[in-house]
Each structure stands twice: as structure tokens, then as C-alpha cells.
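Overview (structure and organization)
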Amino acid sequence: MPTAPRICPLCEATCGLTLTIEGTRVTGARGDRDDVFSQGFICPKGASFGEVDSDPDRLRTPLVRKDGVLQEATWAEAFDTVAARIRPLVDAHGPNAVGIVLGNPNVHTMAGALYPPLLIGALRTRNLFTASTLDQMPKHVSSGLLFGDPFAVPVPDLDRTAHLLMLGANPLESNGSLCTAPDFPGKLKALRKRGGTLTVVDPRRTRTARLADRHLPIRPGADALFLAALTHALFDEDLTDLGALDGHVEGVEEVREAVREFTPEAVAAACDLDAPTIRTVARELAAAPSAAVYGRIGSSTVSHGTLASWLVDVLNVLTGNLDRPGGALFPLSATTPAPRPAGPGKGFALGRWTSRVSGHPEAKGELPMAALAEEIETEGEGRIRALITIAGNPVLSAPDGRRLDAALEALDFMVAVDPYLNETTRHADVVLPPPPPSQSAHFDFAFNGFAVHNQARFTPAAVPLEEGRMDECEIHARLVLAVSGMHGASPSAVDDLAIETTLAKAVTQEYSPAHGADPRAFAATLTGATGAERRLDLMLRLGPYGLTLDALREQPHGVDLGPLMRRVPQILKTRSGRIELLPEPLAADLPRLRAALDARPDALVLVGRRHLRSNNSWLHNAPSLNGGSNRCTLQVHPDDADRLGLADGKPARISAEGGELDVEVEITDAVRSGVVSLPHGWGHDRPGTRLTVAAARPGVNVNQLLDGSRLDPLSGTAVLNGFPVVVSPLL
Ligand SMILES: Nc1nc2c(c(=O)[nH]1)N[C@H]1C(S)=C(S)[C@@H](COP(=O)(O)OP(=O)(O)OC[C@H]3O[C@@H](n4cnc5c(=O)[nH]c(N)nc54)[C@H](O)[C@@H]3O)O[C@H]1N2
Ligand SMILES: Nc1nc2c(c(=O)[nH]1)N[C@H]1C(S)=C(S)[C@@H](COP(=O)(O)OP(=O)(O)OC[C@H]3O[C@@H](n4cnc5c(=O)[nH]c(N)nc54)[C@H](O)[C@@H]3O)O[C@H]1N2
Ligand code: SF4
Ligand SMILES: [Mo]
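Residues numbered from 1 in each chain as written. Chains lettered and ligands numbered in written order. Predicted model: local features only at pLDDT ≥ 70, side-chain atom pairs only at ≥ 80, totals over all residues. Heavy atoms only, no water.

This part is about the overall build of the chain. Counting its regular elements, the chain contains 26 helices and 31 strands. The C-alpha radius of gyration computed for the chain amounts to 25 Å, which stays within 12% of the reference 27 Å derived for 731 residues, consistent with globular compactness. Referenced to the eigenvectors of the C-alpha coordinate spread, the extents of the chain come out at roughly 70 × 65 × 60 Å. Total accessible area on the chain stands at roughly 25,900 Å², and carbon and sulfur atoms take up 51% of it. Averaging the positions of the 71 positive and the 87 negative side-chain charges in the chain gives two centres separated by 1 Å. (Helix = DSSP H or I, 4+ residues; strand = E, 2+ residues; numbered from the N terminus. Rg over C-alpha atoms; globule rule 2.2 N^0.38 Å. Areas by Shrake-Rupley, 256 points an atom, 1.4 Å probe, with all protein chains shown as cover. Lys, Arg positive; Asp, Glu negative; His and termini not counted. Charge placed at Lys NZ, Arg CZ, Asp CG, Glu CD.)

Now the structure itself:
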């Protein structure tokens, strides 16, 4: 049976798969043992690649709304409609009349990495909303402020660390995030086996927590307090040691002052952890030969998300573990422009503009996804009248789906680039469906920048593009043309322009491999079957390893670029050229954290959870990933169940500020008392979708419990964990 390699796009681990091909169909997938990074690892989702790829509900042709009904159409009709509808709105109401929503799978496609920046540039809209403000924006903001670059995200050196302190992450289900590591579970087991220690901080006793030496069932939302107390304890017990970072950090004494009040004793009640334990964790962190602190979703999508993200790296710095092998290191991906010499940079600015209705500050050029509905609904200059969504399902993934649902219906025009007709895309006037992943080439522009080992892999399309299909890169390029008044031009013009712009700059930069070259001659050397591939080739050639696309093609299992290396001070782009440990915006947010010391904890709060066979809202349509018992259950601790009169397997009503839901109760002591857990991505019961399997087992949309008003103010990230709820039995 013929086989083809394909990097798995179904989570951040980016495992190399070997697909079995029958004709033009993928009939099987196994882990590629020769993959330089994943070495054969595969999970149940990857094993279902064929089923996900050939889902009969995937759209095969564009859809265009005619007489109020979405109907199959040609590509020409679809792009004609986009061009005819978007430009007049921009001309009449200005660039902000068009909003853009970018969802999670954009980081899993080549198109999603290469074209949205051009689309944003073409539209010049400030109404940009992405999954980041439902996810990792706090990390971008803290990295931007600390290191001067929002993409300078240190990752735990999983293969070499002696001690891992992990907060709000459950890689045994998620397979890891902002830490790209195939076989994350195996790496944690290997850490324990080589004598290292693992501490997991999570209100639930997850599969990851069960693997740990120590599990701290913290009260949700209290991580920033806990981390501040660890920082306090390091100073208090004279345990700080910057190591090789000495001379590259400013603000250490200011941090000592800033955390003075956050003693372990002071935070103990709010965290529901005892002070001696907190001190022990701090001592262990300082004593370990190497250690990494790592926080994810549960410490990010909370009201002090940016403070917690910052404190994670403050601890890495103060223990000398930042930028040290075995600690937390900055990856260097093959498509990062070749490093400029160390020195002061431009720094990172927050709040360069604010959202129109609620005045939320922008972060990294984005506005909070939680504010999308009000920006569409609220009349006035700058209202969003048209929306372009690419690979996003905010009706399920963002707060208050019902309100967003109504807002989308009220738009003048909506375009969706999406393979499915789902809760969000059903509102579109034009749906542009990309082909299934087997028909697309792949390179991980985003995740290589968060990978625990430097490597580069390119996989070409495993099967030819089906007749009538359009490559997603071409869809994006044509979309850029359609909104920029160049409708009908060749899509390669978009790539040529991007190449020209990049090269014009690179040839003037002394440290660039293209320095001094003739841009045209350099461009003529680029190889690649498509504009997108030529752009990849350019980025590789301008990158730090001198790779080319041809070189990657010759290595179908990838190129090993070695373990993570030290990158300070070169990576720093702060104005001082040093790590700025107490940036002003974070200092200004500390009074809010101080107030949390004395706040009375909510009686019952909700947290989310992920299941190994899920991926946010879009994998519930694959039968093998959505079988077995109901997964969309409300997990309740036995003590809470007793107190509230809830019974296992019976229905309950859960309510919060955004609405109420009826759910099935699952009583388990895996969740701590005072906390209930409900997964996200469910609620597939709206009419007008084409998700046969998912609609038959719809579940409920947890985000309906939110009204969009709870945000981490610095990053605009929605609070999706640790918000108060009320639960009662449904009789
Ligand atoms: N309560 C709660 N809510 C959450 C979270 C949580 O933990 N709790 N997690 C948040 C997080 S971390 C994230 S990242 C967001 C995710 O939320 P979204 O960014 O909305 O992503 P998905 O829900 O995965 O929806 C992905 C969409 O992309 C489409 N798609 C799939 N493959 C492709 C492709 O190849 N090309 C294109 N163009 N489209 C494709 C799917 O059909 C679907 O419409 O959800 C957030 N929402
Ligand atoms: N199988 C599967 N894999 C996925 C996804 C998926 O939907 N399914 N989604 C992908 C995406 S988009 C992302 S961003 C990643 C996320 O990957 P992870 O960050 O590992 O996310 P989760 O698995 O949701 O784990 C978050 C944990 O935080 C805990 N938690 C909740 N509130 C708090 C709190 O206040 N403090 C602390 N310390 N912990 C808390 C929860 O109990 C949960 O166990 O996963 C990716 N991988
Ligand atoms: S761990 Fe992630 S990348 Fe690897 S096979 Fe599973 S879904 Fe795919
Ligand atoms: Mo995410």
C-alpha cells in the first residue's frame, strides 16, 4: 500500500504521521518512526486522521447565499460576491467596518501563517479578534514586556530538566501547548525516571497530576497569588541566583519590593494551600540542579492571567533557570529571520488603541474576542458591518454564544473560510471551504517557535488536490485580492509582493543572509510549486540555519537542528536591551492582585477540561472521536454533590451571569470541592449546520454561562476558568 508522510495538524505536538493511501483516500495513519522529532509517537486523534480527513460533511464547493439560502456555487461566483460586497462597505464606512476573526486552526495550516497578516494589512482594520484572547494572549503580553518581543516565549526544556513546576496544564489530555513536544506524556515519565521531580498545580486531579510527585489542588484563579508567594519566599530565604543572566536583568530589587506583601502565609487562604507547602515548593525550585516553571490554560484564561504568566518567568529568571539548558529556553525556528546582533530594541507597547464600545486596550494588535458581539451590535461610526472568519467558531469558543449568534445574523455581510457549516459559519453569506489536510502541504511556522527541540520538517500534499478544490493558500490569496480592489489578478501577485517586500528589507540588513544581494536575482533562486512554497523557501533561506525548501524535501522525516540553546541577550528587544523584570503595566496591575488576598472566595466556581479525543469545537463530527459515554458532563466533588443534592448521572441546572444550562452530573473526587468542571467546544444543537455526527450528540456550550464581561484587563483575555456558578438538581 502506498504511504505518504504528513505532519499531524490536530494539536500542537506536530507528530510526523505515515499515512496509508488507497487511490486518493487516506485509509490509515501511524506514527512515523523515522520522524526526527516525534519518533513514532501518535495519539488517538492522529490515528483518526483518515476519518477526519474524509468526513462526508466537509464542504466540497463554495457556498453563496442566494435568496436568503446558502447554495453551492463556483469559486468565481464566490469571490465575485466577496469583492462586490466588501469594497463598498469599506468605501462607505471606513476600514474598521470589516472585522476579522482568526481561529485556532490557522496555526495548523501554511495558509493561516502566511496570508492573514496580508489580509489585515490590505484591510487596515483595527477590528481584529483571534483565539489568542481566549487562550495565550497573557503570555504574549508578559513576554512582550519582559523580553521586548511577544513571541519570545520560553519553553520548558522537557528532555533535560531536573524539576518541572507545571500550572494549569494537562498535557496527558492536551498533548501540550506553547510547548510543542510530541509524546509529552513520555517525556514526563522520562523526567521521573531520570530522578527529576514533577509538581502539578491544578484544581483537578488530572491524569497529569496523577503522574506527579506532588499535586497541589489550588483554588481556581489563585495561581498569580501562589506564584507571587513563591517569588516572595525566594527573596525571603535568600534563594535567588541569576546565574548566567546576571548583568542582563534589571528590576530585581523592584520585584522584591513588589511581592513583599505576598507572603506564603498571606496567600494561603486564597489559594487554599498551606504556607509551609508553598515554602517547600520555592526551596525545591531553587535547589534543583535545573528547573522550569510552566503555566498554561488554567493559569492564563483567568482574571490575573498576565500577572501569572509574568510571574512564571520571574521565577525562571530568579532561579537562574531562564535561558539555561534544563530550564526554560527560547527555541530558534528555521523560519525566524537570522538573528540581529544584541542591543536595545523598540520594546513592546500595549493599548496603542482601544476598542470602540468598551474601550478595551489592544494587545499585539488585537481586541478581545469577548468584545466582538458588542462591536457588531452597537450602532455608530466604526461599527463592524462585515466579518471575515477564518478557521474560527466563536459562537462556541467565545463567551455568550447566543449573543454572538444574534450579532452575526445582523451583519451586512459575512465570509467564512472553513471546511464545515457549523454554529458560526451558518451565518456566512459566502463560505470558502479549504481542502482536507491530506491535500495540503504542511510546514509548522508557528509551533517550531515553541518546540522543545529545534527541527524543521516539510510534508508535501499526500494526495493530489481533488477536482474542483482550491488550495487553502490560493483561497487566502484570492481573498486578499478581493478585499483590496485587485479582484481577478493572479493570486501569485500576492506572494510576489510579499517576497519583494521581505527581500527589499533583508538586503539592507547586515546580519541577513541576503545582505547586499540583488532582490530580483535572489527571488529568482527561490523554488517551490506554489507562491506559498516559494515564500517558505525564502524564509528558510533568510533563517538562521541556511536551509532551503529543496533541502527539506530531500529529508521527508525532517532535519534535526539540535537541542535548544542559550539566546540571551540576542533575543531581547526591550528598550534597555535587558530583561525588564518589573514592567510598569504589570506593576500597575498588582493592586488588583493585592485586593484578591482578602476577597471572599466564591462558594462554587467552574473550570474547563480537555479530553484526549477532542480538539476544541471541531472534532466532534468524527465517529471514532465522539463515541462511548457522554463526555460533556458536569464533574462535581462528592461533598458538593451532597450539599447541593446532586446525583450521579442525573441532570442538573447550572447558571451564571451569561445564562443557564442543563447538564448531566458526574460525581468524582478528581475535582476538588468548591469547583465543578465542564468541557468546552460542545453545543452542536443549532439549526442550519451540517455536522451529522456532532449534532446527534450535541452537548452544551459552557461559554453560554459567560456574558463576556470578565477579562484579564492587560491582555483582554476572557476569563474561562474560575468564575462563579450556581448548580441545582433538575427534578
Ligand atoms: N470555556 C472554554 N472556552 C474555550 C477554551 C477553554 O479552555 N474553555 N479554550 C479556548 C482556546 S485555547 C481556543 S484556541 C479556542 C478555539 O476556538 P476557535 O479558534 O473558534 O477554534 P475551534 O473551536 O477549534 O474551531 C475551529 C474552526 O476551524 C475550522 N477548521 C478546521 N480545520 C481547518 C482548516 O484546515 N482550515 C480552515 N480554514 N478552517 C479549519 C473548523 O471547522 C472550525 O470551524 O477556544 C477557546 N474557548
Ligand atoms: N485533546 C485535546 N487537545 C488539545 C485541545 C483540545 O481541545 N483537546 N486544545 C488545544 C488547544 S487550542 C490548547 S490552547 C491546548 C491547551 O492545553 P492545556 O493548557 O494543557 O489545557 P487543558 O488540558 O485544558 O488543561 C488546563 C488545566 O488547567 C486546570 N485549571 C483550570 N483552572 C485553573 C486554575 O485556576 N489554576 C490552575 N493551576 N489550573 C487550572 C484545569 O483543571 C485543566 O486540567 O490544548 C490543545 N490540545
Ligand atoms: S499528539 Fe497531537 S500531533 Fe500527535 S498525533 Fe496526536 S493529535 Fe496529532
Ligand atoms: Mo488554544
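To continue, consider the domain arrangement of the chain. By the assigned domains, the chain splits into domain 1 (1-54), domain 2 (157-337 + 578-594) and domain 3 (602-729). Inter-centroid distance (C-alpha atoms) of domain 1 to domain 2 is 34 Å. Domain 1 puts nine residues into the contact, and the matching count from domain 2 is nine residues. Interface of domain 1 and domain 2: buried area, both sides summed, is about 770 Å²; carbon and sulfur atoms make up 60% of it. Summed over the three residues of domain 1 that lose the most area to domain 2, namely E12, F37 and F41, the buried surface amounts to 65% of that side. On the surface where domain 1 and domain 2 come into contact, there are zero salt bridges. (Domains from an automatic or database assignment. Contact = heavy atoms within 4.5 Å. Buried area = accessible area lost by both parts, 1.4 Å probe. Salt bridge = Lys/Arg side-chain N within 4 Å of Asp/Glu carboxyl O.)

What follows covers the side chain of N621. Residue placement: N621 occurs in the loop between β23 (605-607) and β24 (633-636). Separated by 3.0 Å, the side chains of N621 and D57 make a polar contact. With near-sequence residues (within four places) excluded, N621 lies in contact with D55, D57, Y420, L691, T692, V693 and A694. (Polar contact = N/O pair within 3.5 Å; in protein donor to acceptor, adjacent residues only side chain to side chain.)

Enumeration over the complete set of coordinates arrives at 42 salt bridges. Across the pair D159 and K187 runs a salt bridge whose closest N-O atoms are separated by 2.9 Å. Taken together, the positions of D159 in the loop between β8 (155-156) and β9 (163-167) and K187 in helix α8 (residues 184-193) put the pair 28 residues apart, joining distant regions of the chain. The partner of R279 in a salt bridge is E265, and the shortest N-O contact between them spans 3.2 Å. Linking R279 in helix α13 (residues 275-287) with E265 in helix α12 (residues 264-271), this pair joins segments that are 14 residues apart in sequence. The exposure class of R279 is buried, given its relative accessible area of 13%. You can call E265 partly exposed: its relative accessible area is 46%. Here the salt bridges share partners, and the residues they tie into one network are D236, E237, E265, R279 and R283. (Buried < 20%, exposed > 50% of the residue type's maximum accessible area, 1.4 Å probe, protein only.)

With respect to the helices and strands, the residue A181 is situated in the loop between α7 (171-174) and α8. Given the relative accessible area of 0%, A181 is considered buried. Linking A181 and P171, residues 10 residues apart in sequence, is a C-alpha distance of 9.6 Å. Not counting the four nearest positions on each side in its chain, A181 is found in contact with A13, F37, L158, N175, K187 and V452.

Attention now goes to the pairing of strand β10 (residues 197-201). Judged by how many residues are buried, β10 sits mostly within the fold: four of five residues are covered. Pairing of β9 with β10 involves five bridges; the strand directions are parallel. Residue pairing for β10: L164 is matched across the bridge by L198. Here β10 runs beside strand β11 (residues 214-216); their pairing, made up of three bridges, is parallel. In the sheet register, V200 faces β11, and the bridge partner there is H215. (Pairing = 2+ DSSP bridges.)

Take the side chain of S309 next. With respect to the element layout, S309 can be found in helix α15 (residues 305-318). By relative accessible area, S309 is classed as buried at 6%. At 2.9 Å, the side chain of S309 and the backbone oxygen of G305 are in polar contact. Apart from residues no more than four positions distant in its own chain, S309 is found in contact with P138, K139 and S142.

Neighbouring ligand 1 are 28 residues, the closest being S397, D418, N422, S617 and N703. The backbone of V417 places a nitrogen or oxygen atom 3.1 Å from a nitrogen atom of ligand 1. Within the contact set of ligand 1, a nitrogen atom lies 3.2 Å away from a side-chain nitrogen or oxygen of R610. Burial of ligand 1 by the surrounding chains reaches 95%, relative to a free accessible area of 920 Å². (Near = heavy atom within 4 Å.)

Turning our eyes to something else, we now look at the pairing of strand β19 (residues 453-456). In β19, alternate side chains face the same way, and those of H453 and Q455 on one face and N454 and A456 on the other are all buried. Sheet analysis places β19 next to strand β21 (residues 559-563), joined by three bridges and oriented antiparallel. Counterpart to A456 in the pairing with β21 is V559.

As a further point, take the sheet that holds strand β2 (residues 16-22). Read from one edge to the other, the open sheet built from three strands follows the order β1-β2-β3, with strand pairing classed as antiparallel. In the strand order of this sheet, the two ends are held by β1 (3-7) and β3 (25-31), each with one partner. Within the sheet, the average angular offset between the axes of one strand and its neighbour, ignoring direction, is 35°. (Axes fitted to C-alpha atoms, helices over the stretch in contact; angles between N-to-C directions.)

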